[in-house]
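Residue-level structure breakdown
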Amino acid sequence: MDWVEALLKKSCNNTLTKSEVLHSLFHMIEVNEDTLNHIESDKREFGPELEELKKTEIKDLNFHLKYYRGLVNYINSVSENKIIEKHLY
């Protein structure tokens, strides 16, 4: 995952911009949505134990999607100037 390494390297050197954070969150949303769609579209029977694991995985992915979308909404509601002001003081 080159994008993770790039973000980590940049975050060690300086603060990430609002757009970089949002880009990362959108990527995580996309990855989680793709994974969720893949799991939900798989109609094979795995037996009761693995079906329970599948349900747990679906609940976890839905939780993460809500969390990431909430972060996106929050970050979008904060103006760039407000972020810079808080960072400077």
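Residues numbered from 1 in each chain as written. Predicted model: local features only at pLDDT ≥ 70, side-chain atom pairs only at ≥ 80, totals over all residues. Heavy atoms only, no water.

1. So, the overall build of the chain
Regarding its fold elements, the chain presents four helices and zero strands. Seen in sequence order, the chain has helices and strands lined up from the N terminus as α-α-α-α. Looking at the 89 residues of the chain, the share that counts as buried comes to 19%. Restricting the contact set of the chain to residue pairs at least 6 apart, pairs at least 24 apart contribute 70%. Accessible area of the chain: about 7,200 Å², with a carbon and sulfur share of 58%. (Helix = DSSP H or I, 4+ residues; strand = E, 2+ residues; numbered from the N terminus. Buried < 20%, exposed > 50% of the residue type's maximum accessible area, 1.4 Å probe, protein only. Contact = heavy atoms within 4.5 Å. Areas by Shrake-Rupley, 256 points an atom, 1.4 Å probe, with all protein chains shown as cover.)

2. Some words on the packing of aromatic side chains
Applying the stated criterion across every chain yields a total of two aromatic pairs. Ring pairs connect the aromatic residues Phe-63, Tyr-67 and Tyr-68, which therefore count as one cluster. (Phe/Tyr/Trp six-rings, centres within 6.5 Å; stacked < 30°, edge-to-face > 60°.)

3. Looking at helix α3 (residues 48-77)
With 30 residues, α3 extends 44 Å from end C-alpha to end C-alpha; this agrees with the ideal 44 Å at 1.5 Å per step. Restricting attention to buried positions, one finds in α3 the residues Lys-54, Ile-58, Leu-61, Leu-65, Tyr-68, Val-72 and Ile-75. (Expected span 1.5 Å × (residues − 1).)

4. Side note on the pattern of salt bridges
Applying the stated criterion to the full structure yields two salt bridges. Across the pair Glu-33 and Arg-69 runs a salt bridge, and its minimum N-O distance is 2.3 Å. Here Arg-69 lies in helix α3 and Glu-33 lies in helix α2 (residues 18-41), a separation of 36 residues in the sequence. Residue Glu-33 is classed as partly exposed on the basis of its relative accessible area of 30%. Ionic pairing is found between Asp-42 and Arg-44, a salt bridge with its closest N-O pair at 2.6 Å. Look at Arg-44 and you get exposed, because its relative accessible area is 53%. (Salt bridge = Lys/Arg side-chain N within 4 Å of Asp/Glu carboxyl O.)

5. Quick word on a nonpolar patch on the surface
A cluster of nonpolar side chains, namely Phe-46, Leu-50 and Leu-53, defines an oily patch on the protein surface of about 270 Å² accessible area. Within the secondary structure, Phe-46 is located in the loop between α2 and α3. (Patch = residues over 30% accessible without salt bridge, like charges linked within 9 Å, V, L, I, M, F, W, Y side chains within 5 Å.)

6. Thoughts on the nonpolar core
Leu-22, Leu-25, Ile-29, Leu-36, Ile-39, Ile-58, Leu-61, Leu-65, Tyr-68, Val-72 and Ile-75 together form the largest nonpolar core, which totals 11 residues. Where this core is concerned, the elements lending two or more residues are α2 and α3. Looking at this core element by element, the count peaks at six residues for α3. (Core = buried A, V, L, I, M, F, W, Y, C linked by side-chain atoms within 4.5 Å.)

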